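Descriptive structure summary
One letter stands for each residue in the lines below.
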Amino acid sequence: MNIAVYCSSSNHIAENYLATALSLGKWIAQNGHALVFGGATGGSMSAVSEGAASMHGKIVGVIPPAIIQMNRQSPLCTELITVQDMSERKASMKNIADVFVVLPGSYGTLDELFDVTASAIVGEHKKPVIILNENGFYNHLIALIEQMKSEKFIPVENFKPFFANSLEECAQQITLLSAKN
């Protein structure tokens with residue numbers, strides 16, 4: 001499976017988030033999957049690609065020129081796809097991926113999460129979205145989703161991302177999805 005991982009490029013995040021990203025990258029490669037990520041360096045993006053590279057995994061980076069010009073292109077990609085801008089990067093990753101994993105992150109990570117979720121809601125794809133709620137990072141988002149449901153902004157039967165509370169739970173969900181394919 002091609003597993004798109006959305007995560008932070010910040011070099012200032014807590015070590016536990018980097019360790020989780022590193023472990024996820026290793027798990028992806030050890031289990032014969034390909035990592036699809038933003039192709040940049042920094043933070044969790046470096047960690048997840050380092051993990052996959054340490055296990056000699058396939059690493060697909062999708063990167064716009066603006067990030068390349070910032071000298072932030074990952075040297076670990078086994079395949080590099082250059083796109084025009086961040087919108088095209090999201091579209092390309094959405095097309096390539098079989099499943100999306102969302103690690104703790106900031107505006108870019110949330111943008112990618114909401115993009116793949118909204119696309120699923122309108123029927124553009126039927127690919128699963130797994131959100132790793134490490135240390136309760138997304139608890140406020142979960143509460144907001146529940147409020148949106150209770151106030152009828154989100155129909156109960158609508159597409160739902162899967163919230164995993166640990167890397168192990170995330171890996172189990174991917175394994176189940178892989179077995180169905």
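Our structure is the block above this text.
A short tour of the structure in this document, coming up. Remember, predicted model here, so these are calculated numbers, not experimental data. Residue positions are counted from 1 within each chain, in the order its sequence is given. The predicted nature of this model means local features are confined to residues of pLDDT at least 70 and side-chain atom pairs, given and counted, to a pLDDT of 80 or more, with totals for whole chains, interfaces and linings taken over all residues. Excluded from the side-chain calculations are hydrogens and water; all other atoms, namely the structure's heavy atoms, are used.

1. So, the state of the cysteines
A covalent bond between the sulfur atoms of two cysteines is what we call a disulfide. To be explicit about the condition: Note on disulfides: each one is a pair of cysteine sulfur atoms within 2.5 Å. Exposed residues in this analysis have more than 50% of their type's maximum accessible area, buried residues have under 20%, and partly exposed residues fall in between, with area computed by a 1.4 Å probe over protein chains only.
Scanning the model with the defined rule gives zero disulfides in all. Considering cysteine sulfurs only, Cys-170 is the nearest to Cys-7, which forms no disulfide, with 12 Å between them. By relative accessible area, Cys-170 is classed as buried at 0%.

2. Brief notes about the packing of aromatic side chains
Going by this rule: Within 6.5 Å between ring centres, the rings of Phe, Tyr and Trp (the latter by its six-membered ring) count as paired, and their orientation is classed by plane angle as stacked under 30 degrees, edge-to-face over 60, tilted in between.
Within this structure, the stated rule accounts for three aromatic pairs. With a centroid separation of 4.9 Å and 80° between ring planes, the pair formed by Phe-137 and Tyr-138 is classed as edge-to-face. Taking the relative accessible area as the measure of exposure, Phe-137 reaches 34% and is therefore partly exposed. Tyr-138 sits in the buried class, given a relative accessible area of 3%. Through a chain of ring-to-ring contacts, three or more aromatic side chains come together here, namely Tyr-17, Phe-137 and Tyr-138.

3. Some points on the side chain of Ser-74
Condition: Under the DSSP-based scheme used, a helix requires at least four consecutive residues in state H or I and a strand at least two consecutive residues in state E, with every element numbered from the N terminus. Under this definition, polar contacts are N or O atom pairs within 3.5 Å; protein pairs additionally need one hydrogen-donor-capable and one acceptor-capable atom, and for neighbouring residues in sequence, both atoms have to be side-chain atoms.
Relative to the helices and strands, Ser-74 is located in the loop between α3 (65-69) and β4 (79-82). Exposure remark for Ser-74: the relative accessible area of 5% places this residue in the buried category. A polar atom in the side chain of Ser-74 sits 3.1 Å from the backbone nitrogen of Leu-76.

4. Focus: helix α6 (residues 139-150)
Every α-helix winds through 3.6 residues per turn, so residues three or four apart in the chain are directed the same way. Basically, it comes down to this: Take the residue count of a helix, subtract one, and multiply by 1.5 Å to get its expected span. Residues count as neighbours in contact if any of their non-hydrogen atoms are within 4.5 Å of one another.
End to end, α6 covers 17 Å across 12 residues, agreeing with the expected 16 Å (1.5 Å per residue, within 8%). The inward-facing, buried residues of α6 contact α5 (107-121) and β7 (162-164). Lys-152 lies just past α6 and shows a positive phi near 65°.

5. Describing the pattern of salt bridges
Note the threshold: Just to be clear on terms, a salt bridge is a Lys or Arg side-chain nitrogen sitting within 4 Å of an Asp or Glu carboxyl oxygen.
Under the defined criterion, the tally for this structure stands at six salt bridges. Note that Glu-124 is salt-bridged to Lys-94, the shortest N-O span being 4.0 Å. Taken as a pair, Glu-124 in the loop between α5 and β6 (129-132) and Lys-94 in helix α4 (residues 86-96) lie far apart in primary sequence, 30 residues in all. Residue classification places Glu-124 among the exposed residues on the basis of a relative accessible area of 58%. What emerges from the salt-bridge pattern is a single network uniting Lys-94, Asp-115 and Glu-124.

6. Some thoughts on the sheet that holds strand β5 (residues 99-102)
For clarity, the cut-off: Strand pairing is defined by DSSP finding a minimum of two bridges between the two strands. In this analysis, axes come from line fits to C-alpha atoms, helices being fitted only over the stretch in contact, and the angle between any two N-to-C directions falls in the range 0 to 180 degrees.
Across the sheet, which stays open at both edges, the seven strands sit in the order β4-β3-β2-β1-β5-β6-β7 with parallel pairing between neighbours. Single-partner strands in this sheet number two, and they are β4 and β7. On average, each strand axis in the sheet is inclined to that of its neighbour by 25°, with strand direction left out of account. Inspection of the sheet shows strand β1 (residues 2-6) paired to β5 by four bridges, in the parallel sense. From the neighbouring strand, Val-5 faces β5, where its bridge partner is Val-101. Lying on the sheet, helix α7 (residues 167-180) is in contact with β1, β5, β6 and β7; it crosses β6 at an angle near 170°.

7. Re α7
The condition is simple: The arc in question is formed by the directions pointing from the helix axis toward the C-beta atoms.
For α7, spanning 14 residues, the distance from its first C-alpha to its last is 20 Å, which sits close to the expected 20 Å at 1.5 Å a residue. Listed in full, the buried residues belonging to α7 are Leu-167, Cys-170, Ala-171, Gln-173, Ile-174 and Leu-177. Here the buried residues of α7 occupy an arc of 160° about the axis, which is enough to place them on one side. Structural note: α7 exposes Glu-168, Gln-172, Leu-176, Ala-179 and Lys-180 on the side pointing more than 90 degrees away from its buried face.

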